[in-house]
Every structure is written in structure tokens, then in C-alpha cells.
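Survey of secondary and tertiary structure
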Amino acid sequence: MDISNMTIDDIREQVEKQIDFDRLEELNAQLEKDIRGILDSCGLYYRIFSRVKTKNSISKKLFNGKYGTEQNPKKVQDLIGLRIVLYYSDDLSIGREIMENTFLRTGTWSRNDFNAAEFRATKINGVFKLPSEHFKLYTSELWHLPIDTTFEIQFRTVFFEGWHEIEHDMRYKSLLPDDKFWENSEDLSRILHCILANLELSDWSLVQLFEHLSYNHYQNGNWDLMLKSHFRLRMEDKEPLAPEITALFDEDRRLAKQFFKCEKITLVRELLKQDYIPKITFDLIVRLLNESTVHDERISAYYKEHDPLAVKTPAPARKALSPLDSNTLFHLDIPLLHKPVRDVRTEFHNASHIIYRWIRYKLSHVFPELPAELETLSMHLPGYDFQCFWQPDDFLFTAEFSYIDDQMPGTLWHITASVTSPDHGSSLMFHHHTRLHTPTTALHRESFSKPSYLSELSSKIGLVDLERLGTQGRFVNTDEGFIALRHLLHDPERRLPVVVITQHQALETDNSNEYREGYDMNTFPINGTRLAKVIGLYSHVCMLDQNIARQLIVNGRKDNEVNHGGILIFWPVSSGKETTVYTSQMIREAHFDYNRFAYHEQNFNEKAFRSKLAQIIKDDHVTH
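In this report, we go over the structure that sits alongside the text. (Residues numbered from 1 in each chain as written. Predicted model: local features only at pLDDT ≥ 70, side-chain atom pairs only at ≥ 80, totals over all residues. Heavy atoms only, no water.)

1. A look at the sheet that holds strand β18 (residues 580-582)
Basically, it comes down to this: For two strands to be treated as a pair, DSSP must find no fewer than two bridges joining them. A run of DSSP states H or I qualifies as a helix once it reaches four residues; a run of E qualifies as a strand once it reaches two. Both are numbered from the N-terminal end. Each axis is a line fitted through C-alpha atoms, and for a helix only the stretch in contact is used; angles between axes span 0 to 180 degrees, taken between their N-to-C directions. Here, residues are in contact when the closest pair of their heavy atoms is within 4.5 Å.
Taken together, five strands build an open sheet; the order of strands is β14-β16-β15-β17-β18 and the sheet is mixed. The open sheet has two edge strands with one neighbour each: β14 (474-476) and β18. Strand after strand, the sheet turns through a mean of 20° between neighbouring axes, direction not considered. Relative to strand β16 (residues 540-544), strand β15 (residues 498-502) runs parallel, the two being bridged by five bridges. Paired with I501 across the bridge in β16 is M543. In the packing of helix α17 (residues 479-490) onto the sheet, the strands contacted are β14, β15, β16 and β17 (567-570), and the crossing angle to β14 comes to about 120°. Running over the sheet, helix α18 (residues 528-535) touches β15 and β16 and is turned about 170° from β16.

Here's what the structure looks like:
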């Protein structure tokens, strides 16, 4: 949209018309929540502030002619802005690393330039792409205004925070240029620079003070205080270092010195690798640094028996309920496997009891009187409801229950499951539907929830979509296997998608049509066996040998780029959707735009695309 000839009122009208600010506020709050979670998990001292630009602010920024014109086609990038205030100046580089590893940065970090004779307020700004999984909160159509789908993160130190606010209002928003603002008051301008110099000195001095303090504690053998003043993290300092570790440091001061020399960023990275940290303690710090850097066998042996991470999370406090929205998180209607050597009635009883045991386990703390054996019953308590209909002579089992979730305040789960026989005893059908009811204002992230009993149902009975489903995937390397795959792809009775991964590097194989343990998954663009473990019970996953893949016809034609290291999703014929195709180049260029696991493992491209593919299958699954 060209706004060069529009008045500010016209621009404001378009801003109000095109942008859903309520949804942006939700998105902004979710970003802030996630960043808080990351920074809290590694113990940095910080404060965070966030905002969505107001309608007037956007309108004025667009009206100034710097955006969306033929001369200046660039877009506004700070529709959402977050300011992170750090207590220690050496945390600026740490915070910057965390953010650029977590979100997809666009462009370079910007910061004030300095020279030896000038003092200016320290700030570091970075622009990041709005993560796709967050942007799902924004349900309106995308605007046509010159506003990018990005957000800005700005880092400041605590000493400069107040200064920035003063500068923003008194100078940045001033109608006068800077030389006019200080005209005839040059002496005051000089004093202002003195204040800035003192602020910068304060930032530097604070870090140096605690580093010297840490060294003094090392000299005096105060190991707890040495760790606290050196790493300067939010931690549980009421729990002292274990006496056994203290004794080791007392006996071997060179060992203690190795921990004193560890860099703060090393500890932060190790903290971010953990899936869950109940609290940061001196013992946890020593354990993590020993595993990553020091490698002392005595310390390793001690923490093998006394793991500081082996602490259970406390139950969260409940909050008041709000009006609820409904979302489907899992839905599956599929036949169960019937083996001729088994009696259908036995299969019916076994399948029904697998589901009922799962329900009984989830509700037994609320309804302790639930019988061990299936029967028709109905139970009610405030916030909990369970109904079961059991008629084995007619091959009919249905269960429906709802319950409040004490880990997501104001949230209600509603689940239905059944096993029936449409043909009165020749075959069995399985049904499961999970709905999540959440407050309309909730910033929940739950979008998919597979019932845990599904794996047992699959292994002991079997789930069927023309072929038996499983969590191992299928390796196709024979003509017979390819013919079977082709029938599966084109059968109109197929209910679930088929993911086909084509090999990009030839490998000598035997004639087995089954996956072989130890097969080199590096010859495929993504690890199909790991993908099958995630989505194999509600989709088919096949790995296609390079020689066999040459026979593959996609959307009416052969494509060498796809047949060598590509991935295809064949949707059910009834959906009317064409095959989705991903080339090897698309897979190599995959990335996380929000990678909360940035510090866990490498090989991001493969993992990012595999995660994306699993999410595509999940998103399609819950809409049917």
C-alpha cells in the first residue's frame, strides 16, 4: 500500500481498519511470557517491559514519509517492542546471544557508536521475525500497510534505564533539533555528558567490584560466596554448598580455582540446556560446570548420588475461571486391527479396558470408588464429570469425561472415547476426541494432545488405516514394496496422510522391506524413524530407497529434485488436496523462528524441518 499521498487521518483510519490490536496485545503478552521463562531459567537479573505501538504512534510514524513510499519502501519493524533491563553490563552480550539463538533475527544488532571523547547512553537493539507459532494468536487477515511482521528487542543496563526515559521524552520527542535544544546552555550540556560518563563508569565498576569480591572470597575459602559474587545469578542461596564439596575445595584449592575461572556464559548455557530447573543452587552450579568444563571424578561421583535436579515441582496455585473457548486437540476415528487367530469379542474387551484403565488412572484421585472392571456408571463432582456406557453383548463401549486442569488455571478438558462394531462383531472401530476449553483471554500454548494410551492400544490391538500404523516407519526398497505403497497412496478409503521421505544418498541394502535397526538415517534428508515415533499413530511414514524413488510420479510428473532427498505429503484422496512437495533445498534452508531448545543440540536444519513437518500433520489432524 502506497501511503505517500495519504493524510494522517487517512492513515489512522487504515490502521484502525486493518490491524487487530486486541490480538496483538495477546501476541505481545505471549512473547513477554516466553522471554521471561527463558531468562528466569538461567537466573539473569532483569526487568522486562513490553508494548504494542498505539494507533496514533503508528500513524505518525507512517506519516513522516520514511516508510511505505517509492523513495523509502522500508517497513516499520517495531510494531511490538520489548525492553529488557539487565542489572550487570556484562550480561548484555549474554542476553543478546540468548535472543538470537531463540528467535530468528533479521539484520544486524544496532547499538550506539562511541569515540574516546564522547559519552552516549548504552543500548542494543535487535529486530526479530514474529514466530509463526505465536502469530497463530493473530487471527485477522494480514494488513497491507508498510508494517513488517517483526518485533524489536532492546537491551539496556539498569543504570541507563532512567536516563533513556528522560532522553526519549526530552530530546527524541522534542520539536527542536539538538543544537537548538541546548542553545545558550552549553555548560548544562557538558554536565549532562558528565552524568553519562558516571553512568558508564558505574556499569563497569559494579561488575569489577563483584569480581574482586569473588576473588577475595576465593582467597578466604568462602566457596558459596565466591560462586555467588562471581556468577551473580538469581539463586536459592539459603541452601549452602554440600559439606562434601566444601571439603573437597578446602583440600584442593586448585580444584576450587577452576570453578572460579569458569565464565558466566558457560554456566548460563548449561542452565539453558536443562529441561527443568526447580531452583538454582550452589550444588547445581558446581554440578553443571563440572560436567561441562572441570570434569573432576570425585565431584561427578558425589552428584551421581545427590542430584540437585531431583526435586519435584510444587503444585501451582489455582486461579479463578474465565469464559471458555473450545479447541480440538486430538481427533481420531479409525478401525482396529483384527487378527484371524484372535476372537473379535476378546479384542473388543481388551481395547475397551485399555481405554478405561487410562480414564480410571486420570480420575481415581477424584473418584476413588471407580471400579476396576468396566460397567455402566455416571459420576459427578464440581469441576469433574464422568459417564460410561458398557454393553459388551452389543460390542458397545463409550466414555465421556471432563475435568479441570490444576496446571492451567481456568482450563477444562472434555474427552470422549469409544470402541464399537458397526457390523455387529466382524470388525471394530475406535474413536477418540479431546477438546480443550480455555478462557477467552488465556495465552495458552496447548494445541495438540495425543492420549497416552494410544501407544498401548496400537501395540496390543493395532490401529489400521488400510495398513497397520506404527511408530517405526517403513523402509521401501523393493518393487513389491513400492507397488504396495502406490496402492496405499491412491486408495480412496485411506483416512490419514502418508509422508514419503526419499533417499538422497545411495546405500547398499538387503532385500528386507522392514526398517533395520542401525540403518544409516544420514542418507535421508530427515530422520524418518524419529518422525514416525511422533506422528506414526495418526499418519503413515515411509522411507523410499533412491533407486525405487525414481519411479515416483508426483502431481502427474516425475521430479528429480524431489526424488533425491525430498519429502512429500500425500493427503487422503477424499480431501481433494494435491500432494505437498518439499525439495532438498527447502529442507536444508529450514530454521526455527522460535527455538526454545537452542542450547539442547545441534543439526538445527534437520530438526527444524522435522519439527515443522510434524506440526503440519498435527495441524491438519485436529481440523478433521
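From this point, things continue past the structure.
2. Digging into helix α3 (residues 55-63)
For the record, the criterion: Buried residues are those whose accessible area, probed at 1.4 Å on protein chains only, stays under 20% of the maximum for their type, while exposed residues exceed 50% and partly exposed ones sit between those limits. The arc under discussion is defined with respect to the helix axis, by the directions toward the C-beta atoms.
Of all the residues in α3, the buried ones are I58, S59, K61 and L62. Down the axis of α3, the buried set is contained in an arc of 165°. They therefore lie on one face. Where α3 is buried, its residues contact α1 (8-18) and α2 (21-42). Taken from the residues just after α3, G65 is the one with a positive phi, measuring 85°.

3. Considerations on unusual backbone geometry
In this model, F395 sits at a positive phi of 55°, which is unusual for a non-glycine residue. Tracing the backbone through its elements, the reader meets F395 in the loop between β8 (384-391) and β9 (396-405). Even without glycine at this site, L466 takes up a positive phi of about 70°. Relative to the helices and strands, L466 resides in the loop between β12 (464-465) and β13 (467-468). The partly exposed category is assigned to L466, whose relative accessible area is 42%.

4. Topic: the packing of helix α10 (residues 243-251) against helix α11 (residues 253-260)
Operational definition: Small angles under 35 degrees read as roughly parallel and large ones over 145 as roughly antiparallel, with 65 to 115 read as roughly perpendicular and the rest as oblique. Note that Gly is not counted as nonpolar here; it falls among the polar residues with everything else outside the nonpolar set of Ala, Val, Leu, Ile, Met, Phe, Trp, Tyr, Cys and Pro and the charged set of Asp, Glu, Lys and Arg.
The contact between α10 and α11 brings their axes to 5 Å, and the two run at 110°. Classified by the angle between their axes, α10 and α11 sit roughly perpendicular to one another. Where α10 approaches α11, its residues L248, F249, D250 and E251 are matched on the opposing element by R253, L255, A256 and F259. Class assignment of the residues belonging to the contact of α10 with α11 gives a composition of five nonpolar, no polar and three charged.

5. Thoughts on α10
Looking only at α10, the buried set comprises I245, L248 and F249. Looking down the long axis of α10, one finds its buried residues gathered within 95° of arc, a one-sided arrangement. Exposed and facing more than 90 degrees away from the buried side of α10 are P243 and E251. Next to the buried residues of α10 lie α9 (223-231), α11, α13 (282-294) and α14 (297-305).

6. A word on the packing of helix α12 (residues 264-273) against α13
α13 packs onto α12 with a crossing angle of 100° between their chain directions and a minimal axis gap of 10 Å. Classified by the interaxial angle, the pair formed by α12 and α13 is roughly perpendicular. The residues of α13 that touch α12, namely those facing T266, L267, E270 and L271, are L284, I285, L288, L289, S292 and T293. When its residues are assigned to classes, the contact of α12 with α13 shows six nonpolar, three polar and one charged.

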